[in-house]
Each structure stands twice: as C-alpha cells, then as structure tokens.
Amino acid sequence: MAVSPLPAQNGTSEIKLSAAKAKSLAVRTGSMSKPGNQGAATAKAKGAELAEQLNEETRQKYVKGKKLGEGTYAIVYLGHLKDDPQSLVAIKKIKVNTEYREGLAMDAVRELKHLQELSHPNIIALHSVFSSRNQNLNLVLEYLPQGDLEMLIRDVEGIRYGAAEVKTWMGMLGRAVWFCHENFVLHRDIKPNNLLIAADGEIKLADFGLARSFSDPYRGMTSQVITRWYRPPELLFGARFYSGTVDVWSMGMVFAELILRRPFAMGTTDINQLELICQNIGTPNEENWPGVTKLEGYVKFDNLNSQPVKGRDFYLGTFGLIGSVGVDLLMAMLTLDPRKRSTARQVLDHKWWATDPRPTAKRDLPRKGGGPAKMGEDLKRRGGEIEDGPGDKVARKLNFAAR
Amino acid sequence: MTEDEIYRTSTQYRLWSFTPQTLASLRSTTNQLAVEGVKSAIQSKRAEARGEGGENGERANARSVSPEVDCLTVEEEQRLVGYYCLKTMEFANFCDFPTNVMATAVQYLKRFYLSNSPMTYHPKEMMPIAVFFATKTENNYISLSKFAAKLNNTTTEQVIAPEFLLTQGLRFTFDVRHPQRGLEGGFMELLALASGKGQPAPGIEKSSMELQDEMVNVPPAEANKPQARTPGEVKSRIGSVHDKAKEILKTAALLSDAYFLYTPPQIWMSALLLVDEPLASFYLDTKIPKSSPMRSKLMITLRACMETLQSSPSARPGKDERAACTRIDKKLYKCRNPDKLDLVGMNQAQKRDGESKDGALDEKIVKKRKLERENSMKEGEDVFGPPLPKVANKQEPP
C-alpha cells in the first residue's frame, strides 16, 4: 500500500470525521480530541496525565461479569457496555506473570499489535483495550457464544453437514486469511479451535499470539510456529524464509478435517508429522519441490516412506464429498512446494465457490452452541496449544535465538 | 477495497494522524495538565515538609495557592523530546538494530509525548524502553538482560519499569507504518522504467520504450549538473537519489512531525521530490497525468510535507542546539513532578498490589498489621480480654 502515491488524506482536512463515525470511534478508543471532557471518569482522574484519563474513560465503559474460563496466560470474563447490558463482550485479562521478568509477553504484544489493525467480519474484533489496577491488560473482544469449529467437526453423531456447509465455512476462513495477508500479516496458527463461531453463525479467526508482519527480504523468521498437525512441510524442514502459503497449508488441513471429521495427519512428533505427510500427501523431493533438499532441517525418507504425490483419484476417493472441482482446490492448498501452492488470493478466485452446491446461508448452518464457557476455553489458550492432544504445547515457545 | 481504504482502518490513521492545529492543541493540553500536576505535587510536598494536616486536605488546597514553579513550555518540551529522539537513533544504531526498530522506537517516543510531558516522565528514562519495546514489536526481540547490558549503569528493572506507562501512552497500539518499504517499491519501479520495462498507470497511453526515452531526457536536478544520457547513467542517478531519499526517511522524516501529518507514501514521495524534483515529477507523470485535478491536489500536500521535512530539527545538532537542550534539562530539574521520580518503585508497588505471592508486602499492609499487633498486645493486657467485635465496624480485609 505504501507505493500508492495517492493522498490518503486530502491535505489534512479529511481527518474530520462525520459525526456518526467520530462517535463510534470514541466508543472504541476514547476520544483524544476532547481532553477537557467533563465526564465522571475525568473528574476522578484529575491531574492525571492525558493517557491515564483516556484509559480510565475506556475502563468505565465496560462492566466485567462472570468468569468464563481461566488459563495460565489469561482469564476470560463475560462483560457488557455499562450503558447497554444487552451489548455483550468477552474481556480477556492478560495475567501479569511475576516470574516473567521481560515485561509484556510476546503473545500479548503480537495479539494486540495485529488485532488493533485488522478489522474484518471474519476476524475477531478487538473493541478496545484498557488496563485495570496493577497494570493488568484487558482486551475487550467480540463475544462469540457458539463455540468453535472443532466442536462441530468432532460431534459426528449430533451434527450433520455436507458440501454446502463446508463451502460456507471455508469461504469465511478464506476471506479472513486473505485479509490478513492483504495487510501483510501471517497468522501462523490456523486450526479448527481458533475458528470461533458468532451468534449468527459467522466464523471468526482468533488468537493472533503467533502472528507477525511479513518479513523484509533477506530477514529470516522462526520456523517454530503453527500447531503441528496444521504445520506445512517447509516449516517442519526448518525453513526460515516463507510466505503466506504457510497459512494456506493450514487452511487446506482444516478443509480436509471438515470432510474427514478428524485431523488429516495427527503426528506425534515433528518427524512423525513429516512421515504422515509423506504417506498421505506425497514425499517431497527435488522433482516435485526444487530446492527442498537444501532446507536446514531437510530429512531424507527411505523408500518405505517414499510415496509419489497423491493424484486426483486418491483425493476423489477420500474427499469425494466436495466434488471434483472442490478436490482441485484442496490439492492446490496441500501442494508440497510452497511456491506452487495456492496463495490466499488464488484460493478465493477458485471456481469451486461458483460450482454447485451453493454455500449454505449463515442462518441455516448447523450449530452446537458451545456457550460462553467454550469461548472462555478458547481464548485463554496460548498460541500453538491443543488441549489434551499429543500436539499439546507444540509451538508454545518461540525460539528467538534461532533467528 | 483500495489501499487507501485499508490505510484508513489503521491505527496510525485513526489515532495518530492530525491536522497541524489539532496536534498543537493536543500538545498544549498535555503541557497544561502536566503543569497542574507538577504544581500540585510540589505544593503538597512542601506542605508535608511543613508538617501540615492530612494528605487529602492539602491536595485540594494546592491548586488554589499555586506555588511559583518555572515550568517547561510546549516548545521546550518539544526540543527536549527531539533531543532524546536523536539519542534513541544513536543508541539503536550502536546496538546494530535494523532501521525499522530504530524508526519505530523514535515514533513511540514521539507518540508517547503527545499525551505525556517530560515534566512528568523524563525522556531519558523512557528512551531505553521505547527501543526495547520496539525490538518486541518489530520482531527483533533480544532478552532484557542482554539489552540492559548495552546501556551504561542501567539495570533490567530500570529498563522495564516504564513499559506499562509506554504502552498506555501508545494507547495499546503498536503498529507503525513507515515510508521505507514504499520507497523501495518506488525505487524498483524507477529502475524498471530506466530499463525499458516500466508500466505506466492505467489510462496513461505510453509504451515502456517511450517512457525509457523520456526518462533519459529528464533534466538534471541542479542546472549545473551534467545530463544523464544513457539508461546506465539514469540508473546511477536513481541509485544516488535512492540513497539520499533513504537518508531523509531515516532522519528528517522521523524527527519532524511528518508521521503525524502525512501518510507514508506522501512522506517518501516528498523525500524524492526534495532530492531530485525533475525525476520525481517524471515518476508521478507515469502515475497521474499533470492535467488531472488529483495531481494538483496531491502536489499541494506534497509541498507542505516537503516543508515539514525541511524544517525538521537537524540530525546533527550544533553546539548551540546542544547547549539549549542542556539548559532545558537544567530547568526541568526544578520542575519535575516529584511524585513520578521513582519509576522503578512505582512499578514494583503496582505489581505487588496485584500479586503478593512473591512474599513482598505493601508498606500499607505492613503498617496495618503492625497496628493490629500493637492493639492486640494492648488488649491482651486487659484481664477481660478485648471487646467483642461489632459487625458494622468490622474492617475490610486487606
């Protein structure tokens, strides 16, 4: 966007917002233009610095309700706007860890940095941020009471769905991922239990604790990201230069999981994950992926594990539900070579979206209703964790030394 | 969704873009609030010293009888912050941090001092955390102990203590959009144009070859300079323009108010115009025709931005400027808010309040327990024991 020479601001006059917009801005973040505001909060904080006053004003806007869940990293509360008890929000309070001497944890820094910038119907909305006493950060998030996609996938008995529903969900996920990449953000932890469901059925991508902006050329990134079952082969091979297609692989794994109703490849270790990819999708080699053998963590697999890349017949047999066009899309997302894999944009341009069946309308989607407690569970997690699974704590700690 | 629409959703646009007027009024409000705070704190400190009355009563009186304190003006605050922005650059460069860490740290300081005054929090104490926090947000994180080791006589605790204050001053928005990346894009486009591979914007009917020919005929930036005659010479012209523009983005763009007043593309285009106006105009011709009303509108903004960049405080301040900053710093010594001097202590007290697991107890709690102990000792001496507690008077548990 920076290359656009068009003036985003017409001189400086366009900063004057329309009254309605200005009002909504004030609700989101407190209005900086009115420091002399005679509100109750201001009176209380008299003499305090402007920043403290603004914080106090934001804090006064919300009422914290009952606890929805508690983890090592955060406590999640139900809350609402003081002026309107109907307007529910989730308040995620980041715990101050006295053991952690490095200040604000990286998960929180990443989540805040990116959620503050990304506003999209399929990305969890961050309404505002304030600190309570003792410097605890409180993230006021959109309230999403219908659980997450993982619950729907697992409830094989209770929840029935077909290609049309899968199309709706994947469409929403695809738009969320495209929007992240369009804003130069890699999510790096896409999986079903980070896809929360709103009251109206809309899917919302959550947990930006592992997200980061695209790197500048020649500057590497850590490969220790994305929960193992959803981690693409290049990261398992230790690649430090990668693109948005890491998220597209995760998206492909979610796509497959929606159809199979179990994770496509449930590796117990990183090597085992690679073995499963070799067996189920194909073994990476210089032919199907030029340059793969030069990756830092490349492992050669013996003949037993060496499988040619699975063709359309295999996919049609296993994922027939989505039809042959759908299978094309899945194969494009699960392409071994990240340079040949679809980008998020290409995913959205695929003809499967325009092929029968039409995606199910939001209101007709099956729902389970995980209820508020499930949101508490989902939000309190750290990036990279799966509860009670062998993939637990995979990417919990980023290895910053290996830069 | 256009690029402009996306930019308008950014926090840099929503919270950190101003008109010159709103920017000035914000700074003056911040200054006024700080002056009030300083005066009231000094007044109550003096009252305490005289041993007058309770704390609460004095605070209220303080405002009515303002003590004579010579406070910093907005302009003095600005110069001092500017000086520490320079220090920030020097320090970030000394640590070999990439440009984006340095640039973000400087903007963090500038943003922080829009709603905070140096009279309340000295920039010397905010500078290290601005850099350290930028290493976190710009993906260049190093451990706090390694970081603190790079500073003389600074403990990890001193670095990290104002972190919360900083994040609050930043209104919990950490993303800073810099013009550097855009400049690199423009540079690549210019090189493509010089190689005969350039693509004009839709609606401009010129072939890549025509553009290449035109480019060779772009007059030199200064009349006495020789004309670039071949595509090769044009490329070396572009190279030197690129270096100079980059330097402006690393200095004047950061030290001036450019980030508050203009968008990243406006800033790098203005830098390009400052360095080589004929070449920059030619580049704009490939985007927006001279006849377009948008072009004249754009030029007004770019000219204003060029002025902002030109009037930036120097990145190499002379003797006079350094002396002026020393004078301001001396003046500040007498008008600092006495309540906010001990950032480490303030931070610890607040943390303790939140988590008392580490065994350290708040002074208040210690006092209260001592009082309780003394009371129970006294009561213990009474043969009938203490009076039964009345529920209504029961003290709240700590």
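Residues numbered from 1 in each chain as written. Chains lettered and ligands numbered in written order. Predicted model: local features only at pLDDT ≥ 70, side-chain atom pairs only at ≥ 80, totals over all residues. Heavy atoms only, no water.

Some words on the overall build of chain A
What counts here: In DSSP terms, a helix is any run of H or I states spanning at least four residues, a strand is any run of E spanning at least two, and both are numbered starting from the N terminus. Contacts are assigned to residue pairs that have any heavy atoms within 4.5 Å of one another. Methods summary: accessible areas were calculated by the Shrake-Rupley approach with a probe of 1.4 Å, and residue burial reflects only the protein chains presented.
Within chain A, the secondary structure is distributed over 13 helices and nine strands. Of all intrachain contacts in chain A linking residues separated by at least 6 positions in sequence, the fraction that spans at least 24 positions is 67%. Element-wise, carbon and sulfur atoms account for 52% of the exposed surface of chain A, whose accessible area totals about 16400 Å².

Considering the packing of helix H11 (residues 180-194) of chain B against helix H12 (residues 208-216) of chain B
Residue and element names in this part refer to chain B. Convention followed: Here an axis means a line fitted to C-alpha atoms, over the contact stretch when the element is a helix, while the angle between two N-to-C directions is reported on a 0 to 180 degree scale. Just so you know how the angles are binned, under 35 degrees is roughly parallel, over 145 roughly antiparallel, 65 to 115 roughly perpendicular, and the rest oblique.
Between H11 and H12, whose axes approach to 8 Å, the crossing angle comes to 100 degrees. In this view, H11 runs roughly perpendicular relative to H12, as classed from their interaxial angle. For the pair H11 and H12, contact is made by Leu 190, Leu 193 and Ala 194 and by Leu 211, Gln 212 and Met 215, respectively.

A look at helix H13 (residues 231-250) of chain B
Residues three or four positions apart in an α-helix share a direction because the helix packs 3.6 residues into each turn. All names here are of chain B. Applied cut-off: To estimate how far a helix should reach, multiply one less than its number of residues by 1.5 Å. Working definition: with a 1.4 Å probe on protein chains only, accessible area under 20% of the residue-type maximum means buried, over 50% means exposed, and in between means partly exposed. This arc corresponds to the set of directions leading from the helix axis out to the C-beta atoms.
Between its first and last C-alpha atoms H13 spans 28 Å; for 20 residues at 1.5 Å apiece the expected length is 28 Å, and the two agree. Turning to H13, its buried residues are Val 234, Arg 237, Ile 238, Val 241, His 242, Ala 245, Ile 248 and Leu 249. Down the axis of H13, the smallest arc covering the buried residues is 145 degrees, so these residues share one side.

So, the UniProt feature "domain: Cyclin C-terminal" (unreviewed entry) in chain B
To keep it simple, the criterion reads: UniProt positions are given in the numbering used here, feature names are shortened, and annotations may be inferred rather than shown by experiment.
The feature "domain: Cyclin C-terminal" (unreviewed entry), as given by UniProt, occupies residues 178-307 of chain B in the numbering adopted here. Summarising residues 178-307 of chain B: 68% helix, 0% strand, and an end-to-end C-alpha distance of 19 Å.

A short note on the environment of B:Met294
All names here are of chain B. By the secondary structure assignment, Met 294 is in helix H18 (residues 293-310). The exposure class of Met 294 is partly exposed, given its relative accessible area of 33%. Once the C-alpha coordinates of Met 294 and Ala 315 are considered, the two residues, 21 residues apart in sequence, prove to be 34 Å apart.

A look at the UniProt feature "transmembrane region" (unreviewed entry) in chain A
The UniProt record marks residues 314-336 of chain A with the feature "transmembrane region" (unreviewed entry), using the residue numbering of this structure. Strand forms 0% of residues 314-336 of chain A and helix 70%; the C-alpha atoms that close the span are 16 Å apart.

So, the confidence of the model for chain B
As a general rule, the predicted coordinates of low-pLDDT regions are not to be interpreted in detail. All names here are of chain B. Going by this rule: Confidence of the predictor in every single residue is expressed as pLDDT, which spans 0 to 100.
For chain B, the mean per-residue pLDDT works out to 86, and 84% of the residues sit at or above 70. A low-confidence stretch, residues 57-63 (pLDDT under 50), is modelled with nine contacts involving residues beyond four sequence positions or located in other chains. Every residue in residues 354-362 is under pLDDT 50, and counting partners more than four places away or in other chains gives 10 contacts. Scoring the predicted complex yields pTM 0.83 and, for the interface, ipTM 0.82.

Structural notes on helix H19 (residues 319-334) of chain B
Residues and elements named next belong to chain B. Between its first and last C-alpha, H19 extends 24 Å over 16 residues, near the 22 Å set by a 1.5 Å rise per residue. Within H19, the full set of buried residues consists of Ala 324, Cys 325, Ile 328, Lys 331 and Leu 332. On an axial view of H19, the arc spanned by its buried residues comes to 120 degrees, and they lie on one face. Opposite its buried face, H19 presents the exposed residues Lys 319, Lys 330, Tyr 333 and Lys 334, each directed more than 90 degrees away. Where H19 is buried, its residues meet helix H5 (74-94).

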